[in-house]
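Residues per chain are reported as follows:
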Amino acid sequence: MVAATAEIPSTRQRLLVRYLIALFADLIVINLFAEHWDRVSLDSFSISLVAAILLQLLLQATLALEHRVGGWFDQRKGFHWTFLRYFSAWLILFGSKFVMLGAVDRILGEGLHFAGAMHGVLAFIVVVAGMLIAEELITRIYRSLA
């Protein structure tokens, strides 16, 4: 009988698992919204896969920018700087959704379409929020299994 050995995953392996989980969660959320909400229309599964990859890349870039700007403000003391830190975080996180929607529109065209209030911005924000919630839930379940 061969004994099972447990290898500690490398940082690269952990990152791969983390981003695959996020990508699969995003893919599921996009397709569920497209199937069950008339404000999200999707031409094909391939388009949803490209959208999930694109949105994951843009979300990670947004978070990196927010952390970098936040770090700059965190080095300064006082209420004024604290306010500016939170305001800049909100501005980056909210404003990025317009950039992301523009990128999705430019790259995918009508393959993925968001309709409704503010030319689909509200529907897009709901989908992105759903993606982030799904990613967080799966991450918490994954961590609880340790």
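Presented here is a report on the structure given in the accompanying data block. The structure displayed is predicted, hence computed values, not measured ones. (Residues numbered from 1 in each chain as written. Predicted model: local features only at pLDDT ≥ 70, side-chain atom pairs only at ≥ 80, totals over all residues. Heavy atoms only, no water.)

1. Notes on the overall build of the protein chain
Definition in use: Secondary structure is summarised from DSSP: a helix means a run of H or I of at least four residues, a strand means a run of E of at least two, and numbering begins at the N terminus for each. With C-alpha atoms as the basis for the radius of gyration, the globule rule is written as 2.2 Å multiplied by the number of residues raised to the power 0.38. Think of it in three bands: with a 1.4 Å probe and only protein chains considered, a residue is buried below 20% of the maximum accessible area for its type, exposed above 50%, and partly exposed in between. Residues count as neighbours in contact if any of their non-hydrogen atoms are within 4.5 Å of one another. Lys and Arg are tallied as positive, Asp and Glu as negative. Neither His nor the chain termini are counted. Working definition for charges: the position is that of NZ of Lys, CZ of Arg, CG of Asp or CD of Glu.
Across its full length, the protein chain carries 4 helices and 2 strands. In sequence order, the secondary structure elements of the protein chain are arranged as α-β-α-α-β-α. At 18 Å, the protein chain has a C-alpha radius of gyration far larger than the 15 Å of a compact globule built from 146 residues. The 146 residues of the protein chain split such that 31% are buried. Contacts in the protein chain between residues at least 24 apart in sequence constitute 68% of all its contacts with a sequence separation of at least 6. Side-chain charges of the protein chain comprise 12 positive and 11 negative groups, with the mean position of each set lying 14 Å from the other.

2. As for the nonpolar core
Proteins that are soluble and globular tend to have nonpolar side chains buried together. Applied cut-off: Residues belong to a common nonpolar core when they are buried Ala, Val, Leu, Ile, Met, Phe, Trp, Tyr or Cys residues joined through side-chain atoms within 4.5 Å.
Ile30, Leu55, Val104, Leu112, Phe114, Phe124 and Met131 are the most contacted members of the largest nonpolar core, which totals 26 residues. When residues of this core are traced back to their parent elements, those giving at least two are α1 (11-36), β1 (40-42), α2 (45-74), α3 (79-108), β2 (112-114) and α4 (121-144). Among the elements that line this core, the one with the most residues is α4, at 7 residues. Residues within four places of leucine 112 in sequence aside, it is in contact with Val40, Ser41, Leu42, Ile47, Ala51 and Val104.

3. Quick look at a nonpolar patch on the surface
For the record, the criterion: A residue counts toward a patch only above 30% relative accessible area and without a salt bridge, and it is joined to like-charged neighbours within 9 Å or, for Val, Leu, Ile, Met, Phe, Trp and Tyr, to nonpolar neighbours within 5 Å. Values of accessible area rely on a 1.4 Å probe in the Shrake-Rupley scheme; residue burial ignores everything except the protein chains shown. By convention in these notes, a salt bridge is any Lys or Arg side-chain nitrogen within 4 Å of a carboxyl oxygen on Asp or Glu.
On the surface, a cluster of nonpolar side chains totalling about 790 Å² of accessible area is made up of Phe79, Phe83, Phe87, Trp90, Leu91, Phe94 and Phe98. When you line up the elements, phenylalanine 94 lands in helix α3. Take phenylalanine 94: its relative accessible area is 35%, and that puts it in the partly exposed class.

4. A word on the side chain of lysine 97
Tracing the backbone shows lysine 97 in helix α3. No salt bridge is formed by the buried lysine 97. Its closest oppositely charged neighbour is glutamate 66, at 10 Å. Dropping the residues within four chain positions of it, lysine 97 is found in contact with Phe124, Ile125 and Val128.

5. Considerations on the environment of valine 128
Within the secondary structure layout, valine 128 lies in helix α4. Judged by its relative accessible area of 2%, valine 128 falls in the buried class. Along the sequence, valine 128 and valine 104 sit 24 residues apart, while their C-alpha atoms lie 12 Å from each other. Other than its neighbours up to four places away in sequence, valine 128 contacts Leu59 and Lys97.

6. Points about the side chain of threonine 62
Looking at where threonine 62 falls in the secondary structure, it is placed in helix α2. Its relative accessible area of 9% is what places threonine 62 among the buried residues. Discounting chain neighbours no more than four positions away, the residues touching threonine 62 are Ile92, Leu93, Ser96 and Met100.

7. Looking at α2
This is how it is decided: Each helix should span, by expectation, one fewer than its residue count multiplied by 1.5 Å.
With 30 residues, α2 ought to run about 44 Å at 1.5 Å a step, and its terminal C-alpha atoms sit 42 Å apart, in line with that. Buried residues of α2: Ile47, Ser48, Ala51, Ala52, Leu54, Leu55, Gln56, Leu59, Thr62, Glu66, Gly70 and Phe73, and no others. On its buried side, α2 packs onto α1, β1, α3, β2 and α4.

8. Considering α1
The end-to-end C-alpha distance of α1, which contains 26 residues, comes to 37 Å, matching closely the 38 Å that a straight helix rising 1.5 Å per residue would cover. Its buried side turned inward, α1 meets β1, α2 and α4.

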